[in-house]
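As a plain string of letters, each chain reads:
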Amino acid sequence: MGGLGTVSVVANPFVPVPTPETQPYWDGIADRRLRITRCVDCADAFFPPGPFCPHCSSQNIEWFEASGDATLYSYVIHQRPLKNWDTEGPRSVAIVELAEGPRLVSSVVGCDQTPEALRLDMALKATFVPFDETTVLCFEPAEGAKR
Amino acid sequence: MRPGDFAIVGAAESDEIGTVPDTTSMGLLLNAAGNALEDAGLTAADIDGITTGYFEVSDVSRQLGIFPKWADNTVVGGCSWMFQLRNAIAALNAGYCETVLITYGESGKSTRRLGQSGGGGKGSMGQQFDMLYAAAAPPALFGLPIVRYMREYGLTEEQLASGPVAQREWATMNPRATLQEPTTIQEVLDSPMIAWPLRRAMCCLVSDAGGAIIVTSADRAKDFPKPPVYVLGSGGGLEAGIMSPAGVREPLRPEFIRTSGEAAFSAAGISHDDVDHLMIYDAFAHNPIFGLEGLGFVDYGDAASFISEGNTRPGGRLPMNTNGGGMSYAHTGAYGMLCMLESVRQVRGEAAAQVDDIDVAVCHGWGGFWSACSTLVFAPERPS
C-alpha cells in the first residue's frame, strides 16, 4: 500500500492488461506465437479473442495458432506514436486482415513508414515487437519476413 | 407513437465554451443544466427524469436537486446524449416520467475531464488490443478507413480539405466559434501532419463546453417560453467496440449508419429531399463524407465531390454543420450534445448563421471510433 515516504510507480496505462478470457492470447504473444479463438460449431475465427462466438452465438470455442499471414487493409501514419517502441519516428497504425478472416488494429514495421512503402493489400507476416516491458503483435512485409 | 409527439422545450450551452479554465466537466454540466432550465422557465422541481454520460447519474441529479423517478446513463461515446434523447422519448411515451433533463459537460481542454469516467480502462478490449498502437490518439484510430476509401473512390487530399473550408465559412458568421477566420484548401493542406492523411485542420478542436436539453410531450410543449422543437423520428446503431475500429464489418459502407438513418427517416415519414438543414458530427474531415453516404443523401463514393462542389456551404442546397462544426466551432471530446444544440437553434430560428425556412432538420452523431451512431429528425411544426 502506498503511503507517506513511499515512491509510487505509475504503471504505463498502455501496457495491455490481460483478463482471464484473453490470457492465452498474451501467453502466445510472449511465446512469439499468434494464438486466437475460433468457434468449434461454425468454424469462424474471430478477434478480439474470447469465450463467445460473435458470428453464431456459440460458447463452444477453441484456441488455435493462426498462420500469422495477413494483408494490409487500411492505415494512417501517426506522427506522434508512444515512446515505448524500439524505433522512433512516425509509425503506421493499421487495420490488418488475417488470412483466417478477422481484422485487427496493429502496426506495420520493417519498412519505410510512407504511403509509397505501405501498399494496400500487401502481404504481411506477424512479428513480435518489444513495447515497454512487454511484447506486442505487429506485422512486417511478408517478403522481408524473418523465418 | 407518432412523429412529433414529443418536443424539446429547453436547450442551452454553458455560458462560455472553448477555453473555460478552472471549471471541471461537472461545473460545465451544472451551468448548462441551469441555463436549460431557465430557457424553459422551469426549476429542478419540474424535472422527473434525468440522463447523463461519463458521470454517475445520481451524482448529477443530487447536485441539481432533482429527485427523478426515471434515469438513463447510456454511454456509447460522443453520441450518448442523442441515444439518451431517444431513450427519454421512449420513457415519456411509456409514462415513466413527464419531463426529462439531458445533461452534459466536458472539460476537454482545461481541467482534462477531472472527475469523469470513460472508456479504455485497464483490461478493456480497446486497452488490450487497440490503444497502444495509436497512442489512443483519436485521429490515428478514427482515421483508419480513409486510405482505403481514397483508393476505392479516388478521394483526394484536396477534396478531404474542402469540408473544413466550407464549415469555416459558416463559422465566420458565428461569434461563439473558436475559429472565425476564413481558410483555404491550401491552408488546410499546409497545416501540420497528424496521422497521414489527416492534417491538423482536418481534425476537430479540443474545447471545454456543457450543454443540456429538456424534452416533454407535445401536448405540453406550447406552454413554454421558446418555440418547441418537435422530434419527428430517431434512430441508432452500434457496430465496433468503443476503441476498436477494426470491428466495423464493412468499413466503406458501414451498416450501422444505414440502420440508424433508415430508422429515423422512416419514423419521421420523411425523404432526403425534405431535409433543409443537416448536422453530421465532424470529429475529422472524413466523418461527414461517410455520414452523407451512410444516411443515403448521396451514393457511396460521391460525398466528397458533393461537399467540394459547395452543396453544404452557405448558399448551398444542403446547409451542413452551420455552427462551424467540431473543426471550427468547438469540440470537447463528446460533441453529440453540441451538434444537437445547433439543430435546435436552427429549428427555433435563433442560430448565429441562421438558415432560412427550415421545415425539417436532421442531426447525426457518432460514438467511439465508429462504435455507435444516432440520427434525429427535428421540425418546428408538429405534423397534423
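Quick caveat: nothing in here was measured; it's all calculated off a predicted structure. (Residues numbered from 1 in each chain as written. Chains lettered and ligands numbered in written order. Predicted model: local features only at pLDDT ≥ 70, side-chain atom pairs only at ≥ 80, totals over all residues.)

This brings us to the overall build of chain B. On a plain count of helices and strands, chain B comes out with 15 helices and 11 strands. Taken over C-alpha atoms, the radius of gyration comes to 19 Å for chain B, in line with the 21 Å a tight globule of 384 residues would show. For chain B, with 384 residues in total, the buried portion stands at 63%. In chain B, the share of contacts with a sequence separation of at least 24, taken over all contacts with a separation of at least 6, comes to 76%. (Helix = DSSP H or I, 4+ residues; strand = E, 2+ residues; numbered from the N terminus. Rg over C-alpha atoms; globule rule 2.2 N^0.38 Å. Buried ≥ 20, exposed ≤ 12 C-beta atoms within 10 Å, placed from the backbone. Contact = placed C-beta atoms within 7 Å.)

With that settled, consider unusual backbone geometry. A cis amide bond links F47 of chain A with the next residue in sequence, P48 of chain A, at an omega value of 0°. Relative to the helices and strands, P48 of chain A resides in the loop between β2 (45-46) and β3 (61-65). With an omega of 10°, the peptide bond running from W196 of chain B to P197 of chain B counts as cis. Of note, P197 of chain B is situated in the loop between β5 (193-196) and β6 (198-199). Positive phi, close to 70°, is recorded for A43 of chain A, a residue that is not glycine. Position of A43 of chain A among the secondary structure elements: in the loop between β1 (35-39) and β2.

A word on the nonpolar core. The tendency in soluble globular proteins is for nonpolar side chains to be buried side by side. Of all hydrophobic cores here, the largest spans 166 residues; its most connected members are A36, V215 and F378 of chain B. No other element matches helix α1 (residues 25-40) of chain B, which puts 9 residues into this core. Each of domain 1 (17-66) and domain 2 (67-147) of chain A accounts for three or more of the residues forming this core. Residues contacting A36 of chain B, with those up to four places away along its chain left out, are G10, A11, A12, L101, A212, I213 and I214 of chain B. (Core = buried A, V, L, I, M, F, W, Y, C linked by C-beta atoms within 7 Å. Domains from an automatic or database assignment.)

Before going further, it helps to spend a moment on the environment of S80 of chain B. Residues and elements named next belong to chain B. Checked against the element boundaries, S80 lands in helix α3 (residues 80-94). Accessibility expressed as a C-beta count within 10 Å gives 26 for S80, which makes it buried. Linking S80 and Y54, residues 26 residues apart in sequence, is a C-alpha distance of 9.3 Å. For S80, the contacting residues outside a window of four places in its chain are G53, T74, V75, A334, G336 and G367.

Turning our attention to the interface of chain A and chain B. Counting residues at the interface gives 28 residues for chain A and 29 residues for chain B. Contributing elements (two or more residues each) for the side of chain A that touches chain B: β4 (69-78), β5 (91-98) and β6 (103-106) of chain A. Here the element with the most residues in the side of chain A that touches chain B is β4 of chain A; it accounts for 6 residues. Of the residues that constitute the side of chain A that touches chain B, the class distribution is 19 nonpolar, 7 polar and 2 charged. Pairing between β4 of chain A and β5 of chain B: 2 bridges, direction antiparallel. Paired with I77 of chain A across the bridge in β5 of chain B is W196 of chain B. (Nonpolar A, V, L, I, M, F, W, Y, C, P; charged D, E, K, R; others polar. Pairing = 2+ DSSP bridges.)

Turning our attention to the sheet that holds β1 of chain A. Overall, antiparallel pairing links the 3 strands, which are arranged β2-β1-β3 (chain A) in an open sheet. Unpaired on one side and paired on the other, β2 and β3 of chain A mark the two borders of the sheet.

Residues and elements named next belong to chain B. One open sheet holds the 9 strands; their spatial order is β3-β2-β4-β7-β1-β8-β11-β10-β9, and the pairing between them is mixed. The open sheet has two free edges, formed respectively by β3 (70-72) and β9 (277-280), since each of these has just one partner strand. The sheet shows a mean angle of 25° between the axes of neighbouring strands, taken without regard to direction. Where strand β2 (residues 49-51) and strand β4 (residues 99-107) come together, 3 bridges link them in parallel fashion. By the bridge assignment for β4, T51 is matched with I102. Here α1 sits on the sheet and contacts β1 (6-13), β4 and β7 (208-217); the angle it forms with β4, its principal contact strand, is near 145°. (Axes fitted to C-alpha atoms, helices over the stretch in contact; angles between N-to-C directions.)

All names here are of chain B. Between helix α11 (residues 255-268) and helix α12 (residues 287-294), whose axes approach to 9 Å, the crossing angle comes to 55°. As summarised for this structure, α11 and α12 are arranged oblique, according to the angle between their axes. Handedness of the crossing formed by α11 with α12: right-handed. From α11, I257, R258 and G261 reach across to α12, where they touch F290, G291 and G294. A per-class count over the contact of α11 with α12 returns 2 nonpolar, 3 polar and 1 charged. (Parallel < 35°, antiparallel > 145°, perpendicular 65-115°, else oblique. Left-handed = near helix turned anticlockwise from the far one by under 90°.)

Okay, the confidence of the model for chain B next. Considering every residue of chain B, the mean pLDDT works out to 96; 99% of them sit at 70 or more. Our summary of model confidence lists the complex with pTM equal to 0.94 and ipTM equal to 0.90. (pLDDT = per-residue confidence, 0-100.)

Looking at where E239 of chain B falls in the secondary structure, it is placed in the loop between β8 (229-238) and α11. For E239 of chain B, the contacting residues outside a window of four places in its chain are G247, V248, P254, F256, W370 and S371 of chain B.

A few words on the domain arrangement of chain A. Residues and elements named next belong to chain A. Along its sequence, chain A is carved into domain 1 (17-66) and domain 2 (67-147). Between the C-alpha centres of domain 1 and domain 2 there is a distance of 21 Å. In this complex, domain 1 contributes 9 residues to the contact, which on the side of domain 2 involves 12 residues. Of all the elements in the fold, those that place two or more residues in the side of domain 1 that touches domain 2 are α1 (23-30) and β2. By residue class, the composition of the side of domain 1 that touches domain 2 is 7 nonpolar, no polar and 2 charged.

Glancing now at helix α2 (residues 57-64) of chain B. An α-helical turn contains 3.6 residues, so a residue and the one three or four places further along point in the same direction. All names here are of chain B. The complete set of buried residues in α2 reads V60, S61 and L64. The buried side chains of α2 occupy one side of the element, clustering within an arc of 95° when seen end-on. The exposed set on the far side of α2, more than 90 degrees from its buried face, consists of D59 and R62. Turning to α2, the residues buried within the fold contact α1, β2, β3 and β4. (Arc of directions from axis to C-beta.)

So, about α12 of chain B. Counting buried residues along α12 of chain B, 8 of its 8 residues qualify, which places the element largely inside the surrounding structure. Immediately downstream of α12 of chain B, the backbone of G296 of chain B shows phi near 90°, a positive value.

All names here are of chain B. Sheet topology places β5 next to β6; 2 bridges connect them, and they run antiparallel. Along β6, the bridge assignment pairs A195 with L198. Counted between consecutive antiparallel strands, the loop separating β5 from β6 contains 1 residue.

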